[in-house]
Structures are given as structure tokens and as C-alpha cells.
Amino acid sequence: MSFGAPENDGRISNGVSRRTLVKGAAWAVPVIAFAGPVPAMAASPCTPTTALDTLKPGTKPTSIAFFPSDPLVTAGLAFTSSSGSVNRGNTGEVAATNTNPSWNYIEIEMEQNGQRPLTQGDWVQLTITLNQPVTGLSFVIHDIDQTQSGWRDLVNIRTAGYTANLGNPTNIQGDGSDGNPFRPIANGDLPIDSGANAIRLTWAGSVQVVVIRYIAGITGNSGNQHIGLGNLSYSACVFPTAKSSSARSSAVVAPELIVPPTDLVLVDSDGSADL
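Below or above, wherever it landed, is the structure these notes cover. Given the structure is predicted, the values throughout are model-derived calculations rather than measurements. (Residues numbered from 1 in each chain as written. Predicted model: local features only at pLDDT ≥ 70, side-chain atom pairs only at ≥ 80, totals over all residues. Heavy atoms only, no water.)

### Notes on the packing of aromatic side chains
Taken as a whole, this structure holds four aromatic pairs when the rule is applied. Arranged with centres 4.9 Å apart and planes meeting at 70°, the rings of Phe66 and Tyr234 form a pair that is edge-to-face. With a gap of 168 residues between them, Phe66 in strand 2 (residues 63-66) and Tyr234 in the loop between strand 14 (224-233) and strand 15 (236-237) connect regions that are remote in the sequence. By relative accessible area, Phe66 is classed as buried at 0%. Residue classification places Tyr234 among the buried residues on the basis of a relative accessible area of 1%. The ring of Trp123 carries the charged tip of Arg213 above its face, separated from the ring centre by 3.7 Å. (Phe/Tyr/Trp six-rings, centres within 6.5 Å; stacked < 30°, edge-to-face > 60°. Helix = DSSP H or I, 4+ residues; strand = E, 2+ residues; numbered from the N terminus. Buried < 20%, exposed > 50% of the residue type's maximum accessible area, 1.4 Å probe, protein only. Lys NZ or Arg CZ within 6 Å of the ring centre and 35° of its normal.)

In C-alpha cells:
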């Protein structure tokens with residue numbers, strides 16, 4: 001699976017096909033210049049970055065790991081939706097861009113269900129649960145954009161305490177709240193690596209659970225709409241009490257998601273090496 005921009009992949013014949021616009025495009029490596037500083041990575045026995053680019057596109061991991069870390073820090077991914085009539089499509093899948101070099105992200109998608117079109121207010125919700133608290137949790141939400149009548153991406157952040165750094169230049173407005181969700185300023189089907197349709201969210205304080213709601217902003221004629229989750233990192237562990245330590249030691253991570261830390265060169269999900 002290789003997407004230049006994750007909207008309207010053409011699997012639904014009566015939708016507005018977006019991916020035909022980027023078919024065969026060779027986008028450059030994404031350079032996202034965020035307007036504000038990202039917290040520096042503190043000296044810690046915990047490392048900051050997940051290895052999304054080591055995961056196989058098309059798989060649906062329920063837990064992803066930060067390497068190398070001792071004890072192992074993982075992020076569980078769970079998805080819900082507004083009703084049974086909302087088809088989540090490829091939500092939760094590892095997807096690869098068609099950029100050169102390619103880089104991975106996690107799909108969050110809504111798709112037309114049979115004859116029922118996507119309707120304003122439909123949503124898919126992601127809950128990220130870490131197996132222990134951390135500070136400086138940070139990640140990027142990619143590809144928030146819209147067209148006149150096809151789709152409109154809205155993103156509501158349901159866990160308080162975050163700051164948002166927008167691309168520079170940016171095509172995103174809002175603050176992520178219920179009444180003022182992150183959303184595009186102007187119409188335009190921007191490539192996923194443009195930076196103008198991405199935000200970086202950071203929780204400077206201690207956090208263990210984060211909830212994000214992806215909402216259909218209009219009743220349009222798009223067969224599906226997507227955003228992408230990538231670049232997960234944190235700055236330091238919050239070392240737990242004996243009770244939470246016991247719970248942490250019982251965490252199970254699927255073997256195929258664990259990358260041997262020996263001589264590991266981490267690669268961020270934007271394709272840049274984390275040396």
C-alpha cells in the first residue's frame with residue numbers, strides 16, 4: 001500500500017477519486033517547518049521515537065514500541081466510531097507514502113458504507129494508551145485538508161494539556177477543541193508531505209492516555225476520507241510506583257512489532273534518521 005495523500009483511494013467507484021491526482025508523483029522527502037519549538041529530548045534511559053518505518057505496510061498493529069527503552073515503552077492503539085453505519089476502512093493500518101524515500105504512518109479513515117454516504121458529524125476516534133506515563137509525548141497528524149464538496153477533515157483533541165505547532169506556512173486553523181476543531185483554511189488537495197496540512201501535538205506534562213476524534217466536516221460526495229498519524233516520540237519516562245511497575249511488566253507486545261535494539265539506527269516516520 002503506497003499513498004501520496006490518503007484521501008479517496010479509488011476503491012469506491014461513485015466517490016471523488018483523490019489519489020488519481022497524485023498517481024505516479026514522486027514527492028520529495030517531507031520537510032515540515034513547525035512554527036514553535038518541539039521539546040528537547042531529555043537525557044533519560046528511555047528513548048523518544050517509535051520505529052514506524054520498521055513496520056510492514058498493510059498490517060494493523062494494536063501496540064507499537066519505542067526503541068531502545070528499558071523497560072520497554074509501548075503505545076496501544078484502539079479505535080471506535082460514532083455508529084455502526086460508519087465504515088472505518090483501513091483505519092489502524094500501517095501505510096507507506098509514495099515519496100522518495102517512502103515513510104510510514106498509521107491510517108485513520110472513514111469510508112462510505114454501502115449506499116450510505118459519509119455524513120457531517122460522522123467520526124472515528126483513536127485512543128493511544130501508553131504502558132507507563134511519559135512526559136513530552138508528541139506526534140504529528142498529517143493530511144488535514146478539504147475540497148469544496150468532496151470532504152472536510154476536522155480533528156478534535158479530547159485530552160487536555162497539549163500545545164499545537166502548525167506547519168509554516170500552514171493551511172490549518174482552530175485549537176482542537178469541541179467548538180473550534182483543527183480544520184483547513186482553504187480548499188485544496190495538498191500532498192501529504194507538504195507540511196501545510198500537518199500539526200504536531202505535544203503534551204509537556206505527564207500523560208498516559210490520549211484521545212483524538214477525527215470528524216467528517218460536511219456531507220459530501222467523497223467515498224472516503226483519511227488523515228495520518230506519525231512521528232510519535234516522548235522526552236522522558238515518569239517512573240512509576242511499585243504498583244504500576246507490576247502492571248507494566250505484564251504488558252504484552254506482539255513479537256513482530258519488536259525491533260532488536262542492537263546497533264539500531266532509528267528512522268522517524270517522516271523518513272529522517274534519528275541518530
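### Considerations on unusual backbone geometry
The general pattern is negative phi for most residues beyond glycine and trans for most peptide bonds. In this model, Asn100 is joined to Pro101 through a cis peptide bond whose omega is 5°. Structurally, Pro101 can be placed in the loop between strand 4 (94-97) and strand 5 (104-111). Between Asn168 and Pro169 the backbone carries a cis peptide bond, its omega angle lying at 5°. Within the secondary structure layout, Pro169 lies in the loop between strand 9 (162-166) and strand 10 (172-173). Phi at Asp143 is positive, roughly 70°, even though this residue is not glycine. We classify Asp143 as buried; its relative accessible area is 0%.

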